[in-house]
6 protein chains.
Amino acid sequence: MSRIWVINPNTTTSMTAGIGRCAQAVAGPGVEIVAVTSEYGPPSIESHYDEAMSVPGLLEAIRRGEDAGADGYVIACFGDPGLDAARELATGPVVGIAEAAMQTASHLGRGFSVVTTLSRTMGRAADLAERYGMQRFCLGIHACDIPVLDLETDPTARKVITEACREALDADGSDAIVLGCAGMAEMCAAITAELGVPVVDGVSAATLTVQSLVRMGLRTGKRGEFATPPAKEYTVRRGV
Amino acid sequence: MSRIWVINPNTTTSMTAGIGRCAQAVAGPGVEIVAVTSEYGPPSIESHYDEAMSVPGLLEAIRRGEDAGADGYVIACFGDPGLDAARELATGPVVGIAEAAMQTASHLGRGFSVVTTLSRTMGRAADLAERYGMQRFCLGIHACDIPVLDLETDPTARKVITEACREALDADGSDAIVLGCAGMAEMCAAITAELGVPVVDGVSAATLTVQSLVRMGLRTGKRGEFATPPAKEYTVRRGV
Amino acid sequence: MSRIWVINPNTTTSMTAGIGRCAQAVAGPGVEIVAVTSEYGPPSIESHYDEAMSVPGLLEAIRRGEDAGADGYVIACFGDPGLDAARELATGPVVGIAEAAMQTASHLGRGFSVVTTLSRTMGRAADLAERYGMQRFCLGIHACDIPVLDLETDPTARKVITEACREALDADGSDAIVLGCAGMAEMCAAITAELGVPVVDGVSAATLTVQSLVRMGLRTGKRGEFATPPAKEYTVRRGV
Amino acid sequence: MSRIWVINPNTTTSMTAGIGRCAQAVAGPGVEIVAVTSEYGPPSIESHYDEAMSVPGLLEAIRRGEDAGADGYVIACFGDPGLDAARELATGPVVGIAEAAMQTASHLGRGFSVVTTLSRTMGRAADLAERYGMQRFCLGIHACDIPVLDLETDPTARKVITEACREALDADGSDAIVLGCAGMAEMCAAITAELGVPVVDGVSAATLTVQSLVRMGLRTGKRGEFATPPAKEYTVRRGV
Amino acid sequence: MSRIWVINPNTTTSMTAGIGRCAQAVAGPGVEIVAVTSEYGPPSIESHYDEAMSVPGLLEAIRRGEDAGADGYVIACFGDPGLDAARELATGPVVGIAEAAMQTASHLGRGFSVVTTLSRTMGRAADLAERYGMQRFCLGIHACDIPVLDLETDPTARKVITEACREALDADGSDAIVLGCAGMAEMCAAITAELGVPVVDGVSAATLTVQSLVRMGLRTGKRGEFATPPAKEYTVRRGV
Amino acid sequence: MSRIWVINPNTTTSMTAGIGRCAQAVAGPGVEIVAVTSEYGPPSIESHYDEAMSVPGLLEAIRRGEDAGADGYVIACFGDPGLDAARELATGPVVGIAEAAMQTASHLGRGFSVVTTLSRTMGRAADLAERYGMQRFCLGIHACDIPVLDLETDPTARKVITEACREALDADGSDAIVLGCAGMAEMCAAITAELGVPVVDGVSAATLTVQSLVRMGLRTGKRGEFATPPAKEYTVRRGV
């Protein structure tokens, strides 16, 4: 039995619930999914500032996971916040959903299009594509301009996103779609059905990537850059 | 229940057996591994010529897999021969072991070293690293200069490879090792134990990658470059 | 007197005849052109599968060339199939027509546009541009969506291709055109005349590149990756 | 009169003092340097974890700077933590010391070597060189393996660093040195004198870069990715 | 007191005057700006030929600057002609306006658009973006097709350029504009006012960059490629 | 009958003679080689300054070639000085010897090593490798530190260069050598004989490349960047 912590680095618990359902749906027998909400940080991550502010809460969740004996971690935000730091802290493997989604999509053809939420987050997706070596597969990044938290409540959201996917496929000549937000995870099957092309949800992809790494006994190499960080006295912010 | 065909594109059945054991060892419950040997081609793949000559046999195996209802395929040679053509033929996903091993290792730190068999195959590994966007993670490619088929019989093989891995780690400052030949798959655990760093076997990595793709219902996009190839009358070589 | 084998890796002899005429037209005095058709493989090459299946026939032709004392080889298909393997087999130089056409066009300005046959082959052209370092010169790849064998019979083919070239020049702001199929070789002069820009036919370009290499006494370096492949017992496919 | 805030994103005030002296030494007349220490975070930044944990304190300092009417900001840590988020928050320009040091050194020849503190931080320097387009100028990254806070107290530190610089120049064939830590800023003149090559201190370089931007009236573009982040209710960690 | 020579490498003195005014306007107290016109060469630089022919005159100006004790140099043409050679000759730092403008703009967001004069100069701007590592920030290069010398006399010039900037911002999704000609320097404030985005003039940027380098005591590294060139007898062109 | 001007852009006529012999030795029947010495400029090209100063003389030679009806041009210095400007001026094709040598060597294996004269010229060779897309084939650049004009007179020169080639082959694992100076052209056969690997002389390579371009009727595209430069009144330096 292995345990994978799927951490939502924003503080919105309804979003964590959806993420947990997606992870659970693909996890194999013998894998326990623990969906976790960050205890502090922003309610949604839609800017570099939001992302930066989400990292301490995420890292705190990793620490709790270590205490609880987690075997691996998913960072369930498409900005993959805090990934390097989390790899230093964690014993087991840590995978971001952008990382996993893009790598997964790279197996499906020459290239994919990313469809994300707000335009202002497109730059971050481009940075990550470069970081993961996925620039050559990432043929375009598109925004539907729906705020993250509206994904749950806006009744037209799925239609708008599906349309953005269709336009992206045409504009980029791509073979597959990558959904660029954890909040879109539960729409993946419906969008796939409408478009008839492979659509990748990062939450599922990252959960299975971590599951596979755990199955192979693989974890972050600790002989250099990603060794446990040296213990230090941190000055902590006092309440508000 | 899903069925994954793990195809050894050389004609050496003892090697297929080892590959099959590795794939089986990591496959989840509900996944049937079918280890297949190419019916024609070279006994081992150690040159561009060997690789080119292995492809028709590999593609024939894919055709048989399609007839048998395979859900996905692993190409179990570190040169990933025929990958693009196989994706055109197959309904389900197809993954090469170099592709899967490198992507898997990219989750484990800043970079990895590849340790392969003959020096003359290092160029192919470099080409694949570039193709998969893994150049930035692939910090070095090293050869142990043991022919592929000697991996099974040479009693010093594992020791020589382990030593090559150790030197690679130091020379490259890498976080992990990627074993650059399907014939090394069964040595992975022992080498890991000796080195104390993550060591990635591509057969395991690719098997789990295909299993995950199948789990998510993802397959090669068929709207463009990877559509089923147009049917044609092929002139076939008459046996020697 | 030197002899250059120009190998058509598909099995359509009328196409070989046209290729041979183009090669002959540019070859210098003292250079004998031998236009050769593959003995087995696909009638035209329009997919990764076709290309993979053409390689054994091509390599067989190289072997025959070696027996006949050929001084150098042209691979006369814009996918440059089997180039690496051919370089291992051959004593003299081997050049592909995509390789030669793109390098030739790189001398003519900042960049060129490729105009090829079917859309599904555009990806292969992009792969080759990268492989040869020509990505920076290759400003766009365009398809006219005429199947290879229709180039000879479709009376509108040349007009459609010329129009595609014109659109490519405008869209890419390029200085020259590269024709992306050996089957277009004989249209080169007419298209040049209509467009008034340099138009490069790969058959001519590769023939002259091989002729120049032979003139300088240059052949593939054999001290490493491209040494003659180790002799092995290959299992050969029997009959159909 | 313009005011530049030079923010030390670790909590060690003696280091801030040194940074402030360096900034002041190069600042022009009419420029007020305000050297600021982060109110919370790590005492030194030597891992991805340290860096991530330094960002909220840094951003809080930016907020204070906005309230105080700062005209521009220097992030005085060679990891350039929180740069994107800071640019969203600030009205005036924000420059990191790695960014400024590398760009400055790029004017001095074909390339430079970076000499930093701990080996584990070399990866971050490489990431930043790529991000800023400075990979082509950054010919090598070297560590002297002196912890950041020992730079002030270890009497051999300067000698060790100077020696590391000398070795780097030879190994890389570089034209200049970039000092890879704000804590090395005050050694710059002495190392320059010993080596006789240009040595760049990022604190000076970034201070002057911000001063120049302010002089030209240039600030972060706010029409897209770097617009002020949307206001949200953040959950704040309650002090330990 | 430091002296910066701002060299206009064309022979049009009215353009030198404008360049001098821009440099003076941003230079700090204690910095003397010497605006210099090349004594021979083309009246404007609008082709590779013009640029090549401007270099000897520019280098002659550098020699005069050395005799006069100049502390640093700006090459005030957006093609940055003769930069490498000038760095060999000069004791102090030398910076081109394209180099400085692009680096300056890289601090202002994810990327910038260049707006230059004639279309035929766009290639040179692209070459320079690559040379300086600024390709990743340079999101597009656009021409307004106004000849250089008409910038001073054509009453519609500023309007046309402003419109080209506006279109560039939209087409590229960029955060800032880089003006691609020294002759546009004096329009910078007005264009900024109209567009409301950061607009970078290279003359100002390079002047401040050189001023900063001088302030830090930094000059071209002289231990290798940029050492003073070996003295030789040059054959000089006689008369016309 | 076609006429190719092979221009030595330095003023040393003995070097022109050697270059002419090499070009003549490979040129086909019906091709007249005209070896030309620049009328003004440096006696040898060993710095960016030398190279810049050689360009006007080279361009003057191109003008004379145009008047004389030259069909194509070789720029016979490994720095390929003035290539872009020459392409604007000339009606026929213009090829540099670095360009031709590197492209030629790219057909001979995975990669080549360049062996040049002075260390300070290695940077220029690297710039050209990048410009021509040959970075991926150029596995190393090495200097023998023999001044250009000593190549003719130093009796040990060939031995020193041969040894440098041997070391380069081992250090880089390359398949071929590119000689990095026109002054080495006549040593090519002897070095080849000693090393037993392909050795490429750029003068031969460029001569044959131009011959091939002329044979195919290809010349620089003139519809954009490389159109004839606009006529202008140039201010000319009055002889010393």
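Calculation rules
- Residues numbered from 1 in each chain as written.
- Chains lettered and ligands numbered in written order.
- Predicted model: local features only at pLDDT ≥ 70, side-chain atom pairs only at ≥ 80, totals over all residues.
- Heavy atoms only, no water.
- UniProt positions renumbered as here; feature names shortened; annotations may be inferred.
- Helix = DSSP H or I, 4+ residues; strand = E, 2+ residues; numbered from the N terminus.
- Rg over C-alpha atoms; globule rule 2.2 N^0.38 Å.
- Buried < 20%, exposed > 50% of the residue type's maximum accessible area, 1.4 Å probe, protein only.
- Areas by Shrake-Rupley, 256 points an atom, 1.4 Å probe, with all protein chains shown as cover.
- Pairing = 2+ DSSP bridges.
- Axes fitted to C-alpha atoms, helices over the stretch in contact; angles between N-to-C directions.
- Contact = heavy atoms within 4.5 Å.
- Disulfide = S-S within 2.5 Å.
- Core = buried A, V, L, I, M, F, W, Y, C linked by side-chain atoms within 4.5 Å.
- Least-squares fit on C-alpha atoms with pLDDT ≥ 70 in both.
- Salt bridge = Lys/Arg side-chain N within 4 Å of Asp/Glu carboxyl O.
- Phe/Tyr/Trp six-rings, centres within 6.5 Å; stacked < 30°, edge-to-face > 60°.
- Domains from an automatic or database assignment.
- Buried area = accessible area lost by both parts, 1.4 Å probe.
- Polar contact = N/O pair within 3.5 Å; in protein donor to acceptor, adjacent residues only side chain to side chain.
- Right-handed = clockwise from strand over helix to strand, strands pointing away.
- Expected span 1.5 Å × (residues − 1).
- Arc of directions from axis to C-beta.
- Parallel < 35°, antiparallel > 145°, perpendicular 65-115°, else oblique.
- Left-handed = near helix turned anticlockwise from the far one by under 90°.

- Going by what an unreviewed UniProt entry lists, chain A is known as Hydantoin racemase and is assigned to Mycolicibacterium mucogenicum.
- For chain A, the Sequence similarities (unreviewed entry) comment in UniProt is given as "Belongs to the HyuE racemase family."

### Concerning the overall build of chain A
Right, so step 1: Helix and strand content of chain A: nine helices and eight strands.
Right, so step 2: Since a compact globule built from 240 residues should have a radius of gyration of about 18 Å, the 17 Å found for chain A is in line with a globular shape.
Right, so step 3: With the C-alpha coordinates of chain A rotated into their principal frame, the extents come out at 50 × 45 × 30 Å.
Right, so step 4: Here chain A holds 240 residues, and 68% of them are scored as buried.
Right, so step 5: Only carbon and sulfur atoms are counted for the fraction: they give 50% of the accessible area of chain A, which is about 7700 Å².

### Focus on the sheet that holds strand β5 (residues 112-116) of chain E
Residues and elements named next belong to chain E.
Right, so step 1: Taken in spatial order, the four strands make up an open sheet running β6-β5-β7-β8, and their pairing is parallel. In this open sheet, the two strands that pair with only one neighbour each are β6 (138-143) and β8 (199-201). If you compare each strand with its neighbour and ignore which way they point, the axes differ by 25° on average.
Right, so step 2: Here β5 runs beside strand β7 (residues 176-179); their pairing, made up of four bridges, is parallel. Note that in β7 the partner of serine 113 across the bridge is isoleucine 177.
Right, so step 3: Sheet contacts for helix α7 (residues 157-172): β5, β6 and β7; angle to β5, the most-contacted strand, approximately 150°.

### So, the state of the cysteines
Right, so step 1: In this structure the tally under the stated criterion is zero disulfides over all chains.
Right, so step 2: Sulfur of Cys138(E): no disulfide; nearest cysteine sulfur belongs to Cys165(E) and is 13 Å away.

### Some words on the nonpolar core
Right, so step 1: Core analysis: the biggest nonpolar cluster contains 172 residues, and Ile161(A) and Ile161(B) have the highest contact counts within it.
Right, so step 2: If one sorts the elements of this core by residue count, helix α9 (residues 202-216) of chain B sits on top with seven residues.
Right, so step 3: With sequence-adjacent residues up to four places away left out, Ile161(A) is seen in contact with Val115(A), Cys144(A), Ile146(A), Leu151(A), Leu179(A), Met184(A), Met187(A) and Ile191(A).

### So, the relation of the copies chain D and chain A
Right, so step 1: Superposing chain D onto chain A takes a rotation of 180° combined with a translation of 0.0 Å along the rotation axis, leaving an RMSD of 0.0 Å. The transformation just described matches what one would write down for a two-fold rotation axis.
Right, so step 2: The overlap is high: 100% of the interface residues of chain D also sit at the interface in chain A, so the same surface is used on both sides.

### Topic: the pattern of salt bridges
Pairs can form between side chains of opposite charge whenever their charged atoms are close.
All names here are of chain A.
Right, so step 1: A full pass over the atoms with the stated rule returns 86 salt bridges over all chains.
Right, so step 2: Here aspartate 84 and arginine 131 are joined by a salt bridge, their closest N and O atoms 2.8 Å apart. Here aspartate 84, found in helix α3 (residues 83-89), pairs with arginine 131, found in helix α5 (residues 122-131); they are 47 residues apart in sequence, far enough to count as distant.
Right, so step 3: The class of aspartate 84 is buried, set by a relative accessible area of 12%.

### Description of the packing of aromatic side chains
Right, so step 1: The final tally for this structure, using the stated rule, is six aromatic pairs over all chains.
Right, so step 2: Geometrically, the ring pair formed by Tyr49(B) and Tyr234(C) is edge-to-face, given 5.6 Å between the ring centres and 70° between the ring planes. Remark: Tyr234(C) occurs in the segment after α9 (202-216) and Tyr49(B) occurs in helix α2 (residues 48-68); the pair is interchain, linking two chains.

### Focus on the domain arrangement of chain A
All names here are of chain A.
Right, so step 1: Domain boundaries assigned for chain A yield domain 1 (2-96 + 204-216) and domain 2 (98-201).
Right, so step 2: The C-alpha-based centres of domain 1 and domain 2 are spaced at 20 Å.
Right, so step 3: On the domain 2 side, the residues contacting the 28 residues of domain 1 number 29 residues.
Right, so step 4: Considering only the side of domain 1, the residues that lose the most area to domain 2 are Met15, Glu46 and Phe78, jointly responsible for 36% of the buried surface there.
Right, so step 5: For the interface between domain 1 and domain 2, the tally reads four salt bridges.
Right, so step 6: Our count for the domain 1 to domain 2 interface comes out at 17 residue pairs in polar contact (both at pLDDT 80 or more).
Right, so step 7: Among the elements of the structure, α1 (13-26), α2 (48-68), α3, β4 (94-96) and α9 (202-215) are those that each provide at least two residues to the side of domain 1 that touches domain 2.

### Some remarks on the environment of Leu208(B)
Right, so step 1: Mapped onto the elements, Leu208(B) comes out in helix α9.
Right, so step 2: The class of Leu208(B) is buried, set by a relative accessible area of 3%.
Right, so step 3: As for Leu208(B) and Met122(B), which are separated by 86 residues in sequence, their C-alpha atoms are 25 Å apart.
Right, so step 4: When near neighbours in sequence (up to four residues on either side) are disregarded, Leu208(B) contacts Ser212(A), Arg215(A), Met216(A) and Val26(B).

### Focus on unusual backbone geometry
Residue and element names in this part refer to chain C.
Right, so step 1: Residue aspartate 145 is not a glycine yet carries a positive backbone phi of 60°.
Right, so step 2: Looking at the secondary structure, you find aspartate 145 in the loop between β6 (138-143) and α6 (150-153).
Right, so step 3: Residue class for aspartate 145 comes out partly exposed when judged on its relative accessible area of 45%.

### Observations concerning the interface of chain D and chain A
Interface size is commonly expressed as the accessible surface area that is lost when the partners come together.
Right, so step 1: Contacts between chain D and chain A engage 45 residues on the former and 45 residues on the latter.
Right, so step 2: With both sides pooled, the region where chain D packs onto chain A buries about 3800 Å², and carbon together with sulfur makes up 57% of that total.
Right, so step 3: Applying the counting rule to chain D against chain A returns six salt bridges.
Right, so step 4: With its nearest N and O atoms 2.9 Å apart, the salt bridge here joins Lys232(D) to Glu46(A).
Right, so step 5: At the junction of chain D and chain A, the tally comes to 26 residue pairs in polar contact (both at pLDDT 80 or more).

### Quick word on the pairing of strand β5 (residues 112-116) of chain A
All names here are of chain A.
Right, so step 1: Of all the five residues making up β5, five are buried; the element is thus mostly covered by neighbouring parts of the structure.
Right, so step 2: Side chains Phe112, Val114 and Thr116 project from β5 onto one buried face, and the interleaved Ser113 and Val115 project onto a second face that is buried too.
Right, so step 3: For the segment spanning β5, α5 and strand β6 (residues 138-143), crossover handedness is right-handed.

### A few points about α7(E)
Residues and elements named next belong to chain E.
Right, so step 1: For α7, with 16 residues, the first-to-last C-alpha span of 22 Å sits near the 22 Å given by 1.5 Å per residue.
Right, so step 2: Among the residues of α7, Ala157, Ile161, Thr162, Ala164, Cys165, Ala168, Leu169 and Asp172 are the ones counted as buried. Down the axis of α7, the buried side of the element spans an arc of 160°, and every buried residue falls inside it. For α7, the exposed residues lying more than 90 degrees away from the buried face are Lys159, Glu167, Asp170 and Ala171.

### Some details on the environment of Thr228(F)
Right, so step 1: In this structure, Thr228(F) sits in the segment after α9 (202-216).
Right, so step 2: Sequence separation between Thr228(F) and Glu32(F) is 196 residues, and the spatial gap between their C-alpha atoms is 26 Å.

### Some points on the packing of helix α7 (residues 157-172) of chain C against helix α8 (residues 188-195) of chain C
Residues and elements named next belong to chain C.
Right, so step 1: Orientation of α7 relative to α8, taken along the N-to-C sense of each, is 50°, at an axis distance of 10 Å. Between α7 and α8, the angle falls in the class oblique. Considering how the two elements wind past one another, α7 and α8 form a crossing that is right-handed. Residues Arg158, Ile161, Thr162, Cys165, Arg166 and Leu169 of α7 pack against Ala190, Ile191, Glu194 and Leu195 of α8.

### Quick look at the sheet that holds strand β3 (residues 72-75) of chain A
Residue and element names in this part refer to chain A.
Right, so step 1: Strands sit in the order β2-β1-β3-β4 across an open sheet of four strands; the sheet is parallel. Strands with a single pairing partner mark the edges of an open sheet, and in this sheet they are β2 (31-37) and β4. With strand direction ignored, the average angle separating the axes of adjacent strands in the sheet is 20°.
Right, so step 2: Here seven bridges tie strand β1 (residues 2-8) to β2, and the two strands are oriented parallel to one another. Bridged to isoleucine 7 within β2 is valine 36.

### Considerations on the side chain of Thr16(B)
All names here are of chain B.
Right, so step 1: Summarising the element assignment, threonine 16 is placed in helix α1 (residues 13-26).
Right, so step 2: A residue is classified by how much of its surface remains accessible, and threonine 16, at 4% relative accessible area, is buried.
Right, so step 3: There is a polar contact of 2.9 Å between the side chain of threonine 16 and the side chain of asparagine 8.

### Description of the side chain of Glu51(C)
All names here are of chain C.
Right, so step 1: With respect to the helices, strands and loops of the structure, glutamate 51 is situated in helix α2 (residues 48-68).
Right, so step 2: For glutamate 51, a relative accessible area of 12% gives the class buried.
Right, so step 3: Ignoring sequence-local partners within four residues, the contact set of glutamate 51 consists of Ile45, Gly79, Pro81 and Arg124.

### Some remarks on the pairing of strand β1 (residues 2-8) of chain F
Residues in a regular strand project their side chains so that they alternate between the two faces of the sheet.
Residue and element names in this part refer to chain F.
Right, so step 1: Counted residue by residue, β1 has six buried out of seven residues, so it is predominantly covered.
Right, so step 2: The sheet contact formed by β1 and strand β3 (residues 72-75) spans four bridges and is parallel. Considered in β3, the bridge of isoleucine 7 is made with isoleucine 75.

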